[in-house]
Amino acid sequence: MSDPIAVYLHVPFCPSKCGYCDFNSYAMDGEIVERTVAAMVKEVNQSPHRGRPAKTVFFGGGTPTFIAAEQSRRLLEAVLSAHPPIEGCEITSEANPGTVDIPKFNELRSMGFNRISLGAQSFDTSDLIRLGRVHEASHIGRAVDAARSAGFHNLNLDLMFGLPGQSAAAWQRNLDLAMRIEPEHLSLYCLTIEPNTRYYRLHVRGMLDLPDDDVQTEMYDTACEVCDSRGYHQYEISNFAKPGKECRHNLCYWRGEEYVGYGPGAVGCVGPSGDRTRYTNTKHPDRYCQAVDSREGLWCDSEHLDKTTLRLERIMLGIRLNEGLPKDAVALDVATIEHLERKGLVEPGLSFVRLTTKGRHYCSDVALELA
Ligand code: SF4
């Protein structure tokens, strides 16, 4: 039997577009949604990777919970029929707290989803309004209760820090509220300002009051301390989990494993090491549907990843992990490692390379030196 693979499905629709968002997402509803779902089912059924078992399945977006439960069911059925899940397969759906309720979670659970990743972002409604989110702070606790009552025992909360006008004390309050909810997993990211977003345009005009670098560093350190004190182990720069609850799907990305992507703008990375191709599906839902129907132009971008590129990416992603980088597997230079150890950026005396607490602030620099 062929090797199991991680499966990603991109649902590109959202109720509205958030000000900071540069994901492939569209504030569209109605006929195009159904047409896209039908095309995605078709893409999965036509996939050359059909038959490879799923080690993980992840519905991301966009907002997967924005589409009807019946549409999610058709998509998941197609995926699981093309990629029979391995024993204990992690099956995640991202969810927006403003688009879920108990019936929706019951439906997702009955289809086979066993993990929910909730895009909470902030427990402060004024932050959420500024971000352009459709939910309010009160929706977060309600969504968590609904997910729990539907039988989800593996729950992630996404929170962002470094938001406009956010103080270190306000971030600490967010962390305290997150701890009360007791999710199994936390993804804590600093807001980044991406080109082609409303936030970018405000930023270049000096109209975003962002916390400075020192405050952002303090916020990150606070997050690490709070998580550590509450039994969340930091297994990646921005990700914290209770024992055994690490996101297996994202670990596949960080470990440089294969994944297949379906849906508008989905990215896949397939093929044996040394002969791997990364592709991006056509992004706009309309053009994507045409491409699936005509069986032409499904990819808008693809590149062959040779051994050198794979090694570079393995270092850039793997150094983010607490499990560290195996020195031999990526042929790391001993003198460079010793230099980084002397600077206090990587831990000395290990058989692999792992960042220190200080090193986590310089992750990209360390990766570049190692590469
Ligand atoms: S909900 Fe997520 S994907 Fe949708 S617009 Fe907001 S940030 Fe982007």
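Residues numbered from 1 in each chain as written. Predicted model: local features only at pLDDT ≥ 70, side-chain atom pairs only at ≥ 80, totals over all residues.

This part takes up the overall build of the chain. Looking only at helices and strands, the chain has 13 helices and 14 strands in total. In terms of overall size, the chain behaves like a compact globule, its C-alpha atoms giving a radius of gyration of 21 Å where 371 residues would be expected to give roughly 21 Å. Considered along the principal axes of its C-alpha atoms, the chain spans approximately 60 × 50 × 45 Å. The 371 residues of the chain split such that 40% are buried. For the chain, the proportion of contacts with a sequence separation of at least 24, taken over those separated by at least 6, is 71%. (Helix = DSSP H or I, 4+ residues; strand = E, 2+ residues; numbered from the N terminus. Rg over C-alpha atoms; globule rule 2.2 N^0.38 Å. Buried ≥ 20, exposed ≤ 12 C-beta atoms within 10 Å, placed from the backbone. Contact = placed C-beta atoms within 7 Å.)

Let us look at the packing of helix H6 (residues 168-181) against helix H8 (residues 213-229). At their nearest, the axes of H6 and H8 sit 10 Å apart, and the two run at 20° to each other. Accordingly, the angle class assigned to the pair H6 and H8 is roughly parallel. Considering how the two elements wind past one another, H6 and H8 form a crossing that is right-handed. Together, Ala168, Trp171, Gln172, Leu175 and Met179 of H6 and Val215, Glu218, Met219, Thr222, Ala223 and Val226 of H8 make up the contact between the two elements. When its residues are assigned to classes, the contact of H6 with H8 shows eight nonpolar, two polar and one charged. (Axes fitted to C-alpha atoms, helices over the stretch in contact; angles between N-to-C directions. Parallel < 35°, antiparallel > 145°, perpendicular 65-115°, else oblique. Left-handed = near helix turned anticlockwise from the far one by under 90°. Nonpolar A, V, L, I, M, F, W, Y, C, P; charged D, E, K, R; others polar.)

One can find methionine 111 in helix H3 (residues 102-111). The exposure class assigned to methionine 111 is partly exposed, which follows from the 18 C-beta atoms found within 10 Å. Each C-alpha atom, one on methionine 111 and one on glycine 60, is 16 Å from the other, the two residues being 51 residues apart in sequence.

Further remarks concern the environment of aspartate 333. Tracing the sequence through the fold places aspartate 333 in the loop between strand S13 (325-326) and helix H12 (334-342). As a C-alpha pair, aspartate 333 and alanine 371 span 38 residues in sequence and 8.8 Å in three-dimensional space.

This brings us to the domain arrangement of the chain. When the domains of the chain are assigned, the result is domain 1 (5-254) and domain 2 (309-370). Every contact between the two is made by seven residues of domain 1 and, on the other side, eight residues of domain 2. The set of elements that each furnish at least two residues to the side of domain 1 that touches domain 2 consists of strand S7 (233-236) and helix H9 (248-254). When residues in the side of domain 1 that touches domain 2 are grouped by element, the largest group, three residues, is from S7. (Domains from an automatic or database assignment.)

In regular strands, side chains alternate between the two faces of the sheet. Taken across its seven residues, strand S4 (residues 115-121) has seven buried, putting it largely inside the fold. Judged by which residues are buried, S4 turns out to be covered on both faces: Arg115, Ser117, Gly119 and Gln121 on one side and Ile116, Leu118 and Ala120 on the other are all buried. Pairing geometry for strand S3 (residues 85-95) and S4, over four bridges, is parallel. By the bridge assignment for S4, alanine 95 is matched with leucine 118. (Pairing = 2+ DSSP bridges.)

In this section: helix H5 (residues 137-149). Every buried residue of H5 is listed here: His139, Ile140, Ala143, Val144, Ala146 and Ala147. Along the long axis of H5, the arc covered by the buried residues comes to 165°, so they all point the same way. Facing away from the buried surface of H5 by more than 90 degrees, the exposed residues are Ser138 and Ser149. Packing partners of the buried residues in H5 comprise S3, H3, S4, strand S5 (155-161) and H6. (Arc of directions from axis to C-beta.)

Counting 75 residues, the largest nonpolar core has Val7, Leu9, Val79 and Ala147 as the members making the most contacts within it. If one sorts the elements of this core by residue count, strand S1 (residues 5-11) sits on top with six residues. Those residues in contact with valine 7 that sit more than four places away from it in its chain are Ala54, Thr56, Val57, Val79, His83 and Val260. Counting 10 residues, the second-largest nonpolar core is a separate cluster that includes Ile315, Leu325, Leu345 and Leu355. (Core = buried A, V, L, I, M, F, W, Y, C linked by C-beta atoms within 7 Å.)

A few words on the environment of glycine 141. Within the secondary structure, glycine 141 is located in helix H5. Spatially, the C-alpha atoms of glycine 141 and threonine 63 are 18 Å apart, while their sequence positions differ by 78 residues.

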